[in-house]
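Structural description and commentary
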Amino acid sequence: MADRSKIEWTRSPDGSAGATWNPIRARNKATGKIGWHCAHASPGCVNCYAEAINKRLGTGLPFKPGHAKDIAVYLDEATLIQPLRWKRPRLIFPGSMTDLFADFVTDAMLDKIMTVAALTPRHTYQFLTKRSERMRDYMALDPLHRIHTAAAFAPEAWRWAHNPAAAVTPYNLFSRVSWPLSNVWCGASVEDQPRADERLPHLERTIAMVRWVSYEPALGPVNFSRWLPGLDGIVGGGESGREARMTPRAWLRSARDQCAAAGIPYFHKQNGEWIDADEWHDRLRNLGYQISFNGVAFDPVTPLNFEDAALLAGVAGARRPFEHFSDGSTMIRVGKKAAGRLLDGVEHNALPTA
Ligand code: SF4
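Everything in this summary refers to the structure shown in the same document. (Residues numbered from 1 in each chain as written. Predicted model: local features only at pLDDT ≥ 70, side-chain atom pairs only at ≥ 80, totals over all residues. Heavy atoms only, no water.)

Next up on the list: the overall build of the protein. Across its full length, the protein carries 13 helices and 18 strands. The buried share among the 354 residues of the protein stands at 53%. A separation of at least 24 residues holds for 71% of the contacts in the protein among residues at least 6 apart in sequence. (Helix = DSSP H or I, 4+ residues; strand = E, 2+ residues; numbered from the N terminus. Buried < 20%, exposed > 50% of the residue type's maximum accessible area, 1.4 Å probe, protein only. Contact = heavy atoms within 4.5 Å.)

So, in structure tokens, the structure goes:
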């Protein structure tokens, strides 16, 4: 779908960009418009970016349960074989515009997607789902025999796969790869403790070389300790976008510290749109020079009240520039870019390895 993805965790260690890959497409039966399809699964879906794109540029329909009857889901054969053409090894996020383990994606479709993964061991496929139970069940099916015998994908794909330079072809697939595929990561997306309690037991029992968790958007604190021994890494982050909800840094720090204690990688994707008032205040103080607003000079060593800090953050026009909590803390909306990717001044870029 989109080579050169901007998603931080698809970036290779050498800094080269990864890719998103969306062979599952949807057609609006009424209008004929082509786009994508999904259905909200939990609170993490409320501000789904894929849904916003689909409403604007795709089928025009929301990702609300009940729209399945309005669309026809299909596997786009031209998109399916894209990774065969990508020579440079990439981290690839398959199904970034949907959930590949949702019930509208058939086992036969997944078999073809896995076939492409099997034929391209140079790439790493970062599967991620909120339907962790289906992922567990599918990965237990060991589809390699079906991949081999079903002539699973289009003639064009076979031509690509017959490239003599290819390390793995349909003919030597059985001798070169085994299940689970070493270049497939299986990930569960969890946004809070109830979702972790529901999905991580499935992930724990998923047959995969790499099991990972996306804790983004983090919408509540999560104690991961029960599952950490079976995990290969966690990616954490706050929500971004117009309606982004707040993620207090304490939740992300906790995820980072739990990973550190267990000796597993933690990747900090982003802080989101909001930062703690204390953090913003510290940043202003660290600027080390006088800041003025409406002609009033602020002494950087004098504590700013949150309204002033919010205004200085350039969010005076925002609908919700700041928010108070009952525990006395305050968060300020500064935008994704200003909120950045540093957690306590450090960039955390550790990703799982097979
Ligand atoms: S599962 Fe993913 S793609 Fe589907 S609605 Fe939720 S956030 Fe969007």
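Right, let's get into unusual backbone geometry. At the junction of W179 and P180, the peptide bond is cis and its omega measures out at 5 degrees in the coordinates. Position of P180 among the secondary structure elements: in the loop between helix 8 (173–176) and strand 8 (184–189). The amide bond that connects E216 to the next residue, P217, takes the cis arrangement and shows omega of 0 degrees.

Estimated volume of the second largest pocket: approximately 290 Å³. Around the second largest pocket sit 15 residues that line it, and R11, S12, P13, F267 and L351 are the ones nearest its centre. Of the residues belonging to the lining of the second largest pocket, the class tally is six nonpolar, four polar and five charged. (1 Å grid on protein atoms, 1.4 Å probe; cavity = no way out; pocket = protein on both sides within 12 Å on 5 of 7 lines; lining within 4 Å. Points joined across faces, edges and corners; volume = space filled by probe spheres on them. Nonpolar A, V, L, I, M, F, W, Y, C, P; charged D, E, K, R; others polar.)

Right, let's get into empty space enclosed by the protein. Within the structure shown, the criterion is met by three cavities of 30 Å³ or more. Roughly 40 Å³ of internal volume is contained in the largest cavity. As for the largest cavity, its lining consists of L200, L203, E204, R211, W227, G230 and L231. Here the lining of the largest cavity takes three residues from helix 9 (residues 193–204), the largest share from any one element. Split into classes, the residues belonging to the lining of the largest cavity amount to four nonpolar, one polar and two charged.

What follows is about the packing of aromatic side chains. Applying the stated criterion to the full structure yields seven aromatic pairs. Seen in terms of ring centroids, W9 and W212 are 5.0 Å apart; in terms of plane orientation they differ by 65 degrees. Their pairing is edge-to-face. Highlighted residues: W9 in the loop between strand 1 (2–3) and strand 2 (19–21) and W212 in strand 9 (residues 210–215), separated in sequence by 203 residues. Pair check on accessibility: W9 and W212 agree, each one buried. With a centroid separation of 5.9 Å and an interplanar angle of 75 degrees, the aromatic rings of W185 and W212 are classed as edge-to-face. Of the two residues, W185 is situated in strand 8 and W212 in strand 9; the sequence distance between them amounts to 27 residues. W185 gets classed as buried once you look at its relative accessible area, which sits at 4%. (Phe/Tyr/Trp six-rings, centres within 6.5 Å; stacked < 30°, edge-to-face > 60°.)

With that settled, consider the pairing of strand 6 (residues 91–94). Here strand 6 shows no split at all, with L91 and F93 on one side and I92 and P94 on the other all buried. Bridge count between strand 2 and strand 6: three bridges; the pairing is parallel. Paired with T20 across the two strands is F93, which belongs to strand 6. One ladder, built from two bridges, connects strand 6 with strand 7 (residues 124–129); its direction is parallel. By the bridge assignment, I92 is partnered in strand 7 with Y125. Crossover handedness for the path strand 6 to helix 4 (residues 107–119) to strand 7: right-handed. (Pairing = 2+ DSSP bridges. Right-handed = clockwise from strand over helix to strand, strands pointing away.)

Looking now at the environment of S12. Counting through the fold element by element, S12 comes out in the loop between strand 1 and strand 2. On the basis of relative accessibility, which here comes to 13%, the residue S12 falls in the buried class. Here the alpha-carbon distance between S12 and I92, two residues 80 residues apart in the chain, equals 9.9 Å. If we skip the residues at most four places from it in the chain, S12 touches P89 and L91.

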